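# Observations on chain architecture
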Amino acid sequence: AQSVSQHNHHVILSEAASLELGCNYSYGGTVNLFWYVQYPGQHLQLLLKYFSGDPLVKGIKGFEAEFIKSKFSFNLRKPSVQWSDTAEYFCAVNAGDNYGQNFVFGPGTRLSVLP
Amino acid sequence: KAGVTQTPRYLIKTRGQQVTLSCSPISGHRSVSWYQQTPGQGLQFLFEYFSETQRNKGNFPGRFSGRQFSNSRSEMNVSTLELGDSALYLCATSAGFTDTQYFGPGTRLTVL
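All figures in this text were calculated on a predicted structure; none of them were measured in a lab. Every chain's residues receive numbers from 1 upward, in the order its sequence appears when written. Throughout, the order in which chains and ligands are written sets their labels, letters from A for the former and numbers from 1 for the latter. This being a predicted model, a pLDDT of at least 70 is required before a residue's local features are given, and a value of 80 or more before pairs of side-chain atoms are given or counted; all residues contribute to the totals for chains, interfaces and linings. Here the side-chain values reflect all heavy atoms present in the structure, with hydrogen atoms and water set aside.

### Observations concerning the interface of chain A and chain B
Often the size quoted for an interface is simply the accessible area lost on bringing the parts together. Contact criterion: two residues are considered in contact whenever any of their non-hydrogen atoms come within 4.5 Å of each other. Facing the 20 residues of chain A at the interface are 20 residues of chain B. The contact between chain A and chain B buries some 1600 Å² in all, and 54% of this surface belongs to carbon and sulfur atoms. What makes a salt bridge here is a side-chain nitrogen of Lys or Arg within 4 Å of a carboxyl oxygen of Asp or Glu, nothing more. Applying the counting rule to chain A against chain B returns zero salt bridges. For this analysis, a polar contact is any N or O atom pair within 3.5 Å, provided that within protein one partner can donate a hydrogen and the other can accept it, and provided that sequence-adjacent residues contribute only side-chain to side-chain pairs. The interface formed by chain A and chain B holds three residue pairs in polar contact (both at pLDDT 80 or more) in total. Those elements that provide at least two residues to the side of chain A that touches chain B are strand E5 (32-38), strand E6 (45-50), strand E10 (87-94) and strand E11 (103-105) of chain A. A helix here means a DSSP run of H or I that spans at least four residues, while a strand means a run of E at least two residues long, and both kinds are numbered starting from the N terminus. Among the elements that take part in the side of chain A that touches chain B, E5 of chain A stands out by supplying four residues, more than any other. Classification convention: Asp, Glu, Lys, Arg as charged; Ala, Val, Leu, Ile, Met, Phe, Trp, Tyr, Cys, Pro as nonpolar; all other residues, Gly among them, as polar. Split by residue class, the side of chain A that touches chain B holds nine nonpolar, nine polar and two charged. Buried area is a sum: the accessible area each of two parts loses on coming together, probed at 1.4 Å, counted once for each and added.

What follows is the structure in structure tokens.
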């Protein structure tokens, strides 16, 4: 069964610091990769996604992620975080096909940005 | 375009009761997935429906069931509630097989 791991449970940064959140998955076939964010009191929102093509994908709010197939990784990055980036971040893998969606989420990484 | 709506938003039940949660997808979305979110277990996949058929199911007991109607609206039912069923139940919808999922705000279920 596929699984998703996220390297850090809780990350604390100061504003303007750079961010990298690790995500690794285990699945041998073709996958679609996602990062979702859950701001305090809000529902899950899509940050960015990778289906195919350029392995460096850009999302909303200045986030980007790089898919490295050989490492089964899809790390999320942002060059300069803001206080408003405080949220929980979830990496997800969808190995769904014509037989249905099969999303597996990582455990999440809580990001706290100090003003 | 209206987002995913879930009703009710909050629910309090007692052990042994049953509950039905509802999810209305974004217009045009035919895939509806359900997730359970808890602090200890994170987001866990319950099942997915597409065109009124269950296509995938996670590792949950048979007390958890669902269905989808012809208008793509979906309901999830939990029978014989247990304390451990207290969680945020999320619905996510998408247009097709591997498209992006859009999440609703969730239904917060508390079992006393």
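### Remarks on the layout of surface pockets
Cavity means a closed set of points on a 1 Å grid over the protein atoms alone, one where a 1.4 Å probe fits but cannot get out, pocket means an open set with protein on both sides within 12 Å along at least 5 of 7 lines, and lining means a residue has an atom within 4 Å of a point. Grid points are joined across faces, edges and corners, and a volume is the space filled by probe spheres set on the points. One number sums up the size of the largest pocket: a volume of about 670 Å³. If you trace the largest pocket, you find 26 residues lining it, with Gln-38 and Glu-88 of chain A together with Gln-37, Leu-88 and Arg-108 of chain B closest to the centre. Going through the elements one at a time, E10 of chain A together with strand E4 (31-38) and strand E9 (87-94) of chain B are the ones with two or more residues in the lining of the largest pocket. No other element matches the three residues that E10 of chain A contributes to the lining of the largest pocket. Considering only residue class, the lining of the largest pocket consists of 10 nonpolar, 12 polar and four charged. Taken as a whole, the second largest pocket spans an internal volume of roughly 410 Å³. For the second largest pocket, the lining is made up of 18 residues, of which Phe-103 and Val-104 of chain A together with Gln-44, Phe-45 and Asn-59 of chain B are closest to its centre. Those elements that place two or more of their residues in the lining of the second largest pocket are E11 of chain A together with strand E5 (42-50) of chain B. If one sorts the elements of the lining of the second largest pocket by residue count, E5 of chain B sits on top with four residues. Class assignment for the residues of the lining of the second largest pocket results in nine nonpolar, eight polar and one charged.

### Remarks on the state of the cysteines
Disulfides are defined as pairs of cysteine sulfur atoms found within 2.5 Å of each other. For the coordinates displayed, the defined rule picks out two disulfides over all chains. Cys-23 of chain A shares a disulfide with Cys-91 of chain A; S-S distance 1.9 Å. Between Cys-23 of chain A and Cys-91 of chain A, the disulfide has an S-S torsion of -65 degrees and is therefore left-handed. Of this pair, Cys-23 of chain A sits in strand E4 (residues 23-26) while Cys-91 of chain A sits in strand E10, and the two are 68 residues apart along the sequence. Buried means the residue's accessible area, taken with a 1.4 Å probe over protein chains only, is under 20% of the maximum for its type, while exposed means over 50%, and partly exposed covers the values in between. When its relative accessible area of 0% is taken as the criterion, Cys-91 of chain A is described as buried. What pairs with Cys-23 of chain B in a disulfide is Cys-91 of chain B, and their sulfur atoms sit 1.7 Å apart. Note on the Cys-23 of chain B and Cys-91 of chain B pair: the S-S dihedral is about -50 degrees, so by sign convention the disulfide is left-handed. In this pair, Cys-23 of chain B is assigned in strand E3 (residues 19-24) and Cys-91 of chain B in strand E9, connecting sequence segments 68 residues apart.

### Observations concerning unusual backbone geometry
Outside of glycine, negative phi angles account for most residues, and trans bonds account for most peptide bonds. Between Thr-7 of chain B and the following residue, Pro-8 of chain B, the backbone shows a cis peptide bond with an omega angle of -10 degrees. Within the element layout of this structure, Pro-8 of chain B appears in the loop between strand E1 (5-7) and strand E2 (10-13). You will see that Lys-61 of chain A, though not glycine, has its phi angle at about 60 degrees, which is positive. If you trace the backbone, Lys-61 of chain A turns up in the loop between strand E7 (56-58) and strand E8 (64-68). A positive phi angle, near 50 degrees, is found at Ser-51 of chain B, a position not held by glycine. Among the structural elements, Ser-51 of chain B can be located in the loop between E5 and strand E6 (53-57). Residue classification places Ser-51 of chain B among the partly exposed residues on the basis of a relative accessible area of 34%.

None of this, on its own, says anything about what the molecule does.
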